[in-house]
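Below are the chains, spelled out letter by letter.
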Amino acid sequence: MKRCRIGILTGGGDCAGLNPAIKWVVKTALDRRLALERDTQYEVIGIRNGWRGLVEVNPDGSNVDKYVVPLDEEKVRTWDRYGGTNLGTSRTNPYDPNNDCSRRVIRNIESLGIEALVVIGGEDTLGVAHKLSQVGINIVGIPKTIDKDLPGTDYTLGFETALDVIVEAVDRLRTTAGSHERIFVVETMGRHSGWLALEGGESCGAFLILIPEYDFSIEKVNELLIEGRRHGARYEIIVTAEGAKPIGGTEIARDEKIDGFGHKTLGGIGEFLAWEIRSGTGLETRSIVLSHLQRGGAPCAYDRRMGRYFGIAAVDLIVGGDFGKMVSLRRNEVTAIPLEDALGKLNLVDVTTQYDVERYNGRRTILGRYG
Ligand code: F6P
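Residues numbered from 1 in each chain as written. Predicted model: local features only at pLDDT ≥ 70, side-chain atom pairs only at ≥ 80, totals over all residues. Heavy atoms only, no water.

Novice: If you had to explain the packing of aromatic side chains to someone new, which residues and values would you point to?
Specialist: A complete count under the given rule lists four aromatic pairs for this structure. Here Y214 and Y355 contribute two aromatic rings whose centre-to-centre distance is 5.9 Å and whose plane-to-plane angle is 50 degrees, an arrangement assigned as tilted. Of this pair, Y214 sits in the loop between β7 (208–210) and α10 (218–230) while Y355 sits in strand β14 (residues 355–356), placing them 141 residues apart in sequence. Owing to a relative accessible area of 28%, Y214 belongs among the partly exposed residues under this scheme. Three or more aromatic residues joined by ring pairs make a cluster, and in this case those are Y155, F159 and Y302. Sitting above the plane of the W195 ring, K148 keeps its charged end 4.9 Å from the centroid. Geometry around Y360 places K220 over its ring, the cationic atom sitting 5.6 Å from the centre. (Phe/Tyr/Trp six-rings, centres within 6.5 Å; stacked < 30°, edge-to-face > 60°. Helix = DSSP H or I, 4+ residues; strand = E, 2+ residues; numbered from the N terminus. Buried < 20%, exposed > 50% of the residue type's maximum accessible area, 1.4 Å probe, protein only. Lys NZ or Arg CZ within 6 Å of the ring centre and 35° of its normal.)

Here it is as structure tokens:
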């Protein structure tokens, strides 16, 4: 029987659904019955801390145990119940123009005897995967990001669990907002795309939803709030993505620090808005930043199931020798697309069909069109 060593890593921001995907890569690769059918005995090793693990591991030295974890069915048996990533993650970019370590990564992949590498990540991590695949590394990608903004797939691991967090948080805020007749601005993640704010806001019935794809007018926000009060509203929930911005303004960043992929850490639009609403309407307004709560906690049923399907599909690609691809969900079917198709223009909310620009909210027609 042939032998083949698979490596697996998780990169970028963590989220729920990573551990289920790892578990199912391992279980599917090591399945004894399938090994006979495939005439190949697979072995799986986990690389700790994303690309940083492959930069820092020294296969001839003493730190292999720190960065390489042998994975078997017993080890990953319970992993699908847990959030985060048991392999750890990082935002290390081996192709960082200021510190290019890509040759070291390639050398380490070879020295570790990795014949196929499963990379679970978003646009940045998969961008590195694509570059490595272009120089001949056998790569299979699995999409994850709570922002759901990767092109080429209708789903990215972590999104549905994050939505559940938003809905639960808003349910809790409603009782206190109602008791005090206050406005609450809830800031979600979503750097470039408004999926979390839009679908989170739709799921919890937010009064206003603000997304990066459509710059809002502060005057209009205040008018809508006053109109709502005139019609009897006692309190309001506004859900805003961290990347939303007022007309003529820019995204609000927590500081000027930039990561290896050139991103700033956004945050602060919620408090900015709360201040503008207080001063524009006189209404008592508070803000809350959900931040990393959206990435934490156990995966919901959907993320466990999608992690499982994506993990199985990733091994199918390896068995078929079909590299340079990312597994993806399209029209409710798991399929695979070339990695480069997952790296083009981000998948953003289509403002003309999915957002109500008059009411700053979700769409009000689905099957028909008004006017
Ligand atoms: O990229 C996904 C994301 O969830 C963004 O929405 C957010 O801006 C970012 O991660 C924050 O990541 P961290 O604080 O972990 O660097």
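Novice: Go over the site of the ligand, please, and point to the residues and values.
Specialist: Around the ligand sit R91, I146, D147, M189, G190, R191, E242, H292 and R295, and that is every residue in its neighbourhood. G190 has a polar backbone atom sitting 3.2 Å from an oxygen atom of the ligand. At 2.8 Å from an oxygen atom of the ligand is found a side-chain nitrogen or oxygen belonging to H292. Considered on its own, the ligand offers 400 Å² of accessible surface; in the complex 82% of this is hidden by protein. (Near = heavy atom within 4 Å. Polar contact = N/O pair within 3.5 Å; in protein donor to acceptor, adjacent residues only side chain to side chain. Areas by Shrake-Rupley, 256 points an atom, 1.4 Å probe, with all protein chains shown as cover.)

Novice: Kindly report on the sheet that holds strand β8 (residues 236–241), identifying the contributing residues and their values.
Specialist: Here four strands make up an open sheet; going across it, the order is β7-β8-β6-β11 and the pairing parallel. Both edges of this open sheet fall to β7 and β11 (285–289), since each of them pairs with a single strand only. Geometrically, the sheet is characterised by an average inter-axis angle of 20 degrees between neighbouring strands, direction not taken into account. Across five bridges, strand β6 (residues 183–188) lies against β11 in parallel orientation. Considered in β11, the bridge of E187 is made with V289. (Pairing = 2+ DSSP bridges. Axes fitted to C-alpha atoms, helices over the stretch in contact; angles between N-to-C directions.)

Novice: Go over the side chain of D356, please, and point to the residues and values.
Specialist: Within the secondary structure layout, D356 lies in strand β14. When its relative accessible area of 13% is taken as the criterion, D356 is described as buried. From its side chain, D356 meets the backbone nitrogen of R359 in a polar contact 3.0 Å long. Once residues within four sequence positions are removed from consideration, D356 is found in contact with N361, G362, R363 and R364. (Contact = heavy atoms within 4.5 Å.)

Novice: Go over the pattern of salt bridges with me, naming the residues and quoting the values.
Specialist: As enumerated under the stated definition, the model contains 18 salt bridges in all. Between E236 and R229 there is a salt bridge; the shortest N-O distance is 2.9 Å. The partner of D356 in a salt bridge is R359, and the shortest N-O contact between them spans 3.2 Å. Linked through salt bridges whose partners overlap, the residues forming this network are R182, E284 and R286. (Salt bridge = Lys/Arg side-chain N within 4 Å of Asp/Glu carboxyl O.)

Novice: Can you tell me about the domain arrangement of the protein, naming the residues and giving the values?
Specialist: Its domain assignment divides the protein into domain 1 (2–157 + 299–342) and domain 2 (162–296). Inter-centroid distance (C-alpha atoms) of domain 1 to domain 2 is 34 Å. Contacts between the two partners involve 16 residues from domain 1, matched on the other side by 16 residues from domain 2. Our count for the contact surface shared by domain 1 and domain 2 stands at two salt bridges. With its nearest N and O atoms 3.0 Å apart, the salt bridge here joins R295 to D14. Considering only residue class, the side of domain 1 that touches domain 2 consists of five nonpolar, three polar and eight charged. (Domains from an automatic or database assignment. Nonpolar A, V, L, I, M, F, W, Y, C, P; charged D, E, K, R; others polar.)

Novice: Any details on the packing of helix α1 (residues 18–30) against helix α12 (residues 301–319)? Residues and values, ideally.
Specialist: Between α1 and α12, whose axes approach to 7 Å, the crossing angle comes to 40 degrees. Between α1 and α12, the interaxial angle falls into the category oblique. The handedness of the crossing between α1 and α12 is right-handed. Touching P20, A21, W24, V25, T28 and A29 of α1 are D303, R304, G307, R308, G311, I312, A314 and V315, all from α12. By residue class, the composition of the contact of α1 with α12 is eight nonpolar, three polar and three charged. (Parallel < 35°, antiparallel > 145°, perpendicular 65-115°, else oblique. Left-handed = near helix turned anticlockwise from the far one by under 90°.)

Novice: Residues and numbers for the sheet that holds strand β3 (residues 68–71), please.
Specialist: Across the sheet, which stays open at both edges, the seven strands sit in the order β3-β2-β1-β4-β5-β12-β13 with mixed pairing between neighbours. Only two strands of the sheet have a single partner each, and these edge strands are β3 and β13 (333–338). The mean inter-strand angle of the sheet, taken between neighbouring strand axes irrespective of direction, is 30 degrees. Relative to β13, strand β12 (residues 325–330) runs antiparallel, the two being bridged by six bridges.

Novice: Go over the packing of α10 against helix α11 (residues 269–281), please, and point to the residues and values.
Specialist: α11 packs onto α10 with a crossing angle of 65 degrees between their chain directions and a minimal axis gap of 10 Å. Relative to α11, α10 is oriented so that their crossing is right-handed. Contacts between α10 and α11 involve I218, V221, N222, L225 and I226 from the first element and F272, L273, E276, I277, G280 and T281 from the second. Looking at side-chain class alone, the contact of α10 with α11 contains seven nonpolar, three polar and one charged residues.

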